[in-house]
Amino acid sequence: MKKKVIVLGVIGADVHAVGNKILYHAFTDAGFEVINLGVMVSQEEFIAAAIESNADAIVVSSLYGQGELDCRGMREKCDEAGLKDIPLLVGGNIVIGKQVFEEVEKRFMEMGFNAVFPPGTRPETGIAALKEILLMED
Amino acid sequence: MKPVLLIDFGSTYTKVTAVDLEGEQLLGTACAYTTVQTDINIGLDNAIRLLEEKNGKLHFAERFACSSAAGGLRMITSGLVPELTAEAAKVASLGAGAKIIKVFSFQLTEDDIEYIRTENPDIFLLVGGTDGGNTECIIHNAKMLSSIPNDFPIVIAGNRSAARECQRILEGREVYVCENVMPKFGVLNAEPAQKQIQEIFLHRIIQAKGITKAASLVSGILMPTPSAVMKAMQLLAEGCEGESGIGDLIGVDVGGATTDVYSIAEGMPEATNTVYRGLPEPYVKRTVEGDIGMRYSIAGIVEAAGIRRISQMSGLSVERVEELIDHLAVNTEALPNGDHELEMLDYALASLAIETAVTRHAGSIEEAYTMMGLTYVQTGKDLTRVKQIVATGGSLINTKRTAAIAAHAMYDKMNPMSLKPKDAQIWIDRSYILAAMGLLSEHHPQIALRIMKKELKKDGY
């Protein structure tokens, strides 16, 4: 069976490379073909990579607290680029300060994300969620 | 003595260069008007006659040629995302020595098809999608192209899952399938497409332009002229077995209509606090500024640099600069020939042509403040450490202040984010032999390299 393709990266002006590497290896080991854009990735770069590679999902991470600003409007831009209904996943330290996660999750879901993960999530949790979204069998 | 003849069928002049293989030296050069409208042999014969007037009768052991006559190798390309496969298609075509008329991205429209039909390129390069990636766009574009009655060849170098289907859609046309120019995301694979393009040029386009009429004289018409120049630059930088090169370099060729810039250098970031963004660039890179040239594209220099800077640099008043530029735009054959005003103006124009073209060719760096402190984001090639600049082009080598002009390819404090060489030596192709040496290098690289090292001048520096 053809591998599912995901586009992975750290959004915005964020340079946290370690988590990105861990996610890259975890998703690859889980059988995904991962296009890893690394750090400091703009929304446009995620979208361009997803178009060319016909990606099945976009996985965004963010650690520096500015994720909410960086992710705003991403679903709309995907729609604009013809990536209708592409699953968008986001995780990490995505908002400023300590906030109730349920509220954060709700805000990101309203922004069009399909799954939102709090700080400290293990990669397996994200992988399992993505497999469910893509209706993959283990 | 074993003389070899090297011919460059240009769009205006046919240039011939004679080399003695045994003595490893230049015997002479000459040029005459290209006669592509009537019989290309007439211009060639005239050039050879001029050469023999200076050197006496020569019995050439071999003859090789390159050509940019009749528009050179005119190409149109289409890709998917502008910064990705469409850019890769552009890079591949320029690297094959082509003149790019247009780069399309995303799906071709009916208007685009009408444009392609009218422009009738020599070759169309169809790409889009990484391997295993998007197939929709390239298949759509193949269908659109199949409706054009023209017979230009089409090179397919996109998503390998879609290549055969595109070939079937374009059945009945001259179609070539080669490896994807971007097989994986962010990976440039321009060479297979480039080789295919050059092969088509060799077998078909040269014939179509009537240049094979000269075939009886030429033992092999090898490549488009920019390819020959690029081969010479690469050989000069890298060296070959038994002869060392001069190291990484930038080449600038300022013409009447375009300014070509070449760089032979990796150009990746060295500092650990620098992040590279965008498509990696080829080690041998060529860019063409279609709007920057000394005569036909004189307006482009004015547009890019501004009339005030031209006036400042030439020491002429703005009004006088405007008058002279209007004059040169119409009288494209005009040379300064001792006219002081024109000399000053050409000095300013050539300097600004180089400055603009090299700035566009080189990468740039931006500062970004992050949680980890100051970080740099680099796009394109970092050429700050390149130590050699090679200048060529009729307009450049005929002036006396070439080195001062070529120095405008260097780093500029006023534009510190542009990654141009900080400390470089300037070489000038005084005898205008780079294309000829590129041709010669196909079979005799050592000799070509030694002649270049001897003939390129480092005057002024």
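Scroll up to find the structure this text is about.
Residues numbered from 1 in each chain as written. Chains lettered and ligands numbered in written order. Predicted model: local features only at pLDDT ≥ 70, side-chain atom pairs only at ≥ 80, totals over all residues. Heavy atoms only, no water.

**Comments concerning the packing of aromatic side chains**
Thinking step 1. Scanning the entire structure with this criterion turns up five aromatic pairs over all chains.
Thinking step 2. For the pair F27 of chain A and F32 of chain A, a centre-to-centre distance of 5.6 Å together with 65 degrees between the ring planes defines the contact as edge-to-face. Residue F27 of chain A shares its accessibility class with F32 of chain A, and that shared class is buried.
Thinking step 3. Between F104 of chain B and Y115 of chain B, the ring centres sit 6.1 Å apart and the planes meet at 80 degrees, which makes this aromatic pair edge-to-face. Residue F104 of chain B is located in strand 6 (residues 99–104), and its partner Y115 of chain B is located in helix 3 (residues 110–119); the two are separated by 11 residues in the primary sequence.
Thinking step 4. Across from the ring centre of Y411 of chain B, 4.7 Å away, lies the NZ or CZ of K422 of chain B, which sits over that ring. (Phe/Tyr/Trp six-rings, centres within 6.5 Å; stacked < 30°, edge-to-face > 60°. Buried < 20%, exposed > 50% of the residue type's maximum accessible area, 1.4 Å probe, protein only. Helix = DSSP H or I, 4+ residues; strand = E, 2+ residues; numbered from the N terminus. Lys NZ or Arg CZ within 6 Å of the ring centre and 35° of its normal.)

**Comments concerning the interface of chain A and chain B**
Thinking step 1. Each partner contributes to the interface: chain A provides 17 residues, whereas chain B provides 20 residues.
Thinking step 2. Both faces combined, the contact of chain A with chain B buries some 1,500 Å², and carbon together with sulfur accounts for 66% of it.
Thinking step 3. Summed over the three residues of chain A that lose the most area to chain B, namely V15, M40 and E52 of chain A, the buried surface amounts to 41% of that side.
Thinking step 4. One can count one salt bridge joining chain A with chain B.
Thinking step 5. Across the pair R277 of chain B and E45 of chain A runs a salt bridge, and its minimum N-O distance is 3.2 Å.
Thinking step 6. Scanning the region where chain A abuts chain B turns up eight residue pairs in polar contact (both at pLDDT 80 or more). (Contact = heavy atoms within 4.5 Å. Buried area = accessible area lost by both parts, 1.4 Å probe. Salt bridge = Lys/Arg side-chain N within 4 Å of Asp/Glu carboxyl O. Polar contact = N/O pair within 3.5 Å; in protein donor to acceptor, adjacent residues only side chain to side chain.)

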